[in-house]
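# Tertiary structure, described
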Amino acid sequence: QVQLVESGGGLVQPGGSLRLSCAVSGTVASIYAMDWFRQAPGKQRELVALITSGSSSDYADSVKGRFTISRDAADNTVYLQMNSLKPEDTAVYYCHADLQDESRGYRAGYWGQGTQVTVSS
């Protein structure tokens, strides 16, 4: 089965940096896009960044210029480099993959378990 495992969250001071990773494993035929979402307490889950199979990327305005999404050469791991972190970045960050599971006949989205990012002094 397809599994997304996230890591890299933690506590960081404002202005600091964290690097999140999301490893995709299982019967993956193709990964079309991968995204990072986040959800802060009392707020809706929001798209933070996305990257396509062609490595084009896009970002939420709130993180543009501070966060960078990337994929490894095998396109089975996605990273979110977060710089100049602000307290408002505090949230649970979720990895999402738009992929084709070779055991299925259609594309589907898969979610990681989430990793907590806390930006506080």
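Above this text sits the structure in question.
The structure contained in this document is the topic of the report that follows. (Residues numbered from 1 in each chain as written. Predicted model: local features only at pLDDT ≥ 70, side-chain atom pairs only at ≥ 80, totals over all residues. Heavy atoms only, no water.)

### A closer look at the sheet that holds strand 7 (residues 67-71)
- The four strands lie next to each other as 1-3-8-7, forming an open sheet whose pairing is antiparallel. Edge strands, defined here as strands with exactly one partner in the open sheet, are strand 1 (3-7) and strand 7. Strand after strand, the sheet turns through a mean of 15° between neighbouring axes, direction not considered.
- For strand 7 and strand 8 (residues 77-82), the ladder comprises five bridges, and the chain directions are antiparallel. Considered in strand 8, the bridge of S70 is made with Y79. (Pairing = 2+ DSSP bridges. Helix = DSSP H or I, 4+ residues; strand = E, 2+ residues; numbered from the N terminus. Axes fitted to C-alpha atoms, helices over the stretch in contact; angles between N-to-C directions.)

### Digging into the state of the cysteines
- Evaluated as defined, the whole model comprises one disulfide.
- Between the sulfur atoms of C22 and its disulfide partner C95 the distance amounts to 2.2 Å. Classification of the bridge connecting C22 and C95 rests on its S-S torsion, roughly -85°, and on that basis the disulfide is left-handed. Taken together, the residues C22 in strand 3 (residues 18-25) and C95 in strand 9 (residues 91-101) connect sequence positions 73 residues apart. (Disulfide = S-S within 2.5 Å.)

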